[in-house]
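Chain residues, written in single-letter form:
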Amino acid sequence: MEVVRGKNIDVLFSDTEIQEKIDLIAAAIAKNPKNDLLVVAILKGSFIFAADLVRALYRAGLAPEVEFITLSSYGTGTEGKQVKIIKDIDSDVTGRDVLIIDDILESGNTLRFARDLMFERGAKDVGLAVLLDKESKRKGELTADYVGFICPDYFVVGYGMDVAYAFRELPYVGIVKGDAEDQ
Ligand code: IMP
Ligand code: MG
């Protein structure tokens, strides 16, 4: 398929809406300032959200350390998807306040894994920030501390998120045309 600057995409959340929301999230995070805050962005999908959010945190007066972890889920068995670490963070989290950033909270497997991992390693506190919450798809209990938008149950792309390696570069979140009718 030839892809020309997202022409097959319907915009769900615009660039402007996203930027306004990120400033609100940063202000909420800054209300409860942490010493020695460590931000852990989950790659690959959150890289643009994390880049915008850490700069919004800077404008809100915070100076976090920024780290990255690459996680992937696999398996579709009855036991649910397993999450594994593809590339780990380098920093020690012992005794630290950690803020995990991800693009989408869906079943909760990815963020539950990441949060538990940080606590097992001795983090003092772990907060969760997501751009999108597909709350209708949650498996078990998990709530993010900071949510950009509640997301309808469509497969979304853009703003860091891909389908088959495409569309990460779009400055907005959208739905691939055709998908909406399939739901
Ligand atoms: P969970 O582990 O089921 O909560 O799924 C969260 C992960 O699935 C996110 O980190 C995303 O990378 C990915 N994901 C879930 N829904 C979508 C989507 O609509 N578009 C792109 N990625 C998605
Ligand atoms: Mg992901």
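Conventions and cut-offs
Residues numbered from 1 in each chain as written. Chains lettered and ligands numbered in written order. Predicted model: local features only at pLDDT ≥ 70, side-chain atom pairs only at ≥ 80, totals over all residues. Heavy atoms only, no water. 1 Å grid on protein atoms, 1.4 Å probe; cavity = no way out; pocket = protein on both sides within 12 Å on 5 of 7 lines; lining within 4 Å. Points joined across faces, edges and corners; volume = space filled by probe spheres on them. Helix = DSSP H or I, 4+ residues; strand = E, 2+ residues; numbered from the N terminus. Nonpolar A, V, L, I, M, F, W, Y, C, P; charged D, E, K, R; others polar. Buried < 20%, exposed > 50% of the residue type's maximum accessible area, 1.4 Å probe, protein only. Pairing = 2+ DSSP bridges. Core = buried A, V, L, I, M, F, W, Y, C linked by side-chain atoms within 4.5 Å.

(A) Quick peek at the layout of surface pockets. What the largest pocket holds in volume is close to 1000 Å³. Lining the largest pocket are 29 residues, with Ser 73, Lys 81, Asp 103, Thr 110 and Phe 155 positioned closest to its centre. When residues of the lining of the largest pocket are assigned to their parent elements, the largest contribution, four residues, is made by strand 5 (residues 97-105). Split into classes, the residues belonging to the lining of the largest pocket amount to 11 nonpolar, eight polar and 10 charged. By volume, the second largest pocket amounts to about 160 Å³. If you trace the second largest pocket, you find it lined by Ile 29, Asn 32, Lys 34, Leu 37, Asp 97, Val 98, Leu 99, Asp 125, Val 126, Gly 127, Asp 145 and Tyr 146. Its residues assigned to classes, the lining of the second largest pocket shows six nonpolar, two polar and four charged.

(B) The arrangement of unusual backbone geometry in detail. Looking along the chain, the bond that leaves Leu 43 and enters Lys 44 is cis, with omega of 5°. Although it is not a glycine, Tyr 159 adopts a positive phi angle of roughly 50°. With a relative accessible area of 2%, Tyr 159 lands in the buried category. A positive phi angle, close to 70°, is found at Tyr 165, a residue other than glycine. Its place among the elements puts Tyr 165 in the loop between strand 8 (156-157) and strand 9 (173-176). Looking at Tyr 165, the relative accessible area reads 74%, which means it is exposed.

(C) Structural detail: the sheet that holds strand 9. On the basis of which strands lie adjacent, the open sheet formed by three strands has the order 1-9-8 and antiparallel pairing. At either margin of the open sheet sits one strand with a lone partner, and together these are strand 1 (9-13) and strand 8. Relative to strand 9, strand 1 runs antiparallel, the two being bridged by four bridges. When the sheet's bridge partners are listed, Phe 13 is paired in strand 9 with Val 173.

(D) Up close: the nonpolar core. Among the nonpolar cores identified, the biggest contains 32 residues, and Leu 53, Leu 132 and Val 173 are the most heavily contacted of them. Elements with a contribution of two residues or more to this core: helix 1 (15-30), strand 2 (38-43), helix 2 (47-59), strand 5, strand 6 (125-133), strand 7 (146-150) and strand 9. Val 83, Val 98, Ala 114 and Ala 123 belong to the second largest nonpolar core, which has 21 residues in total.

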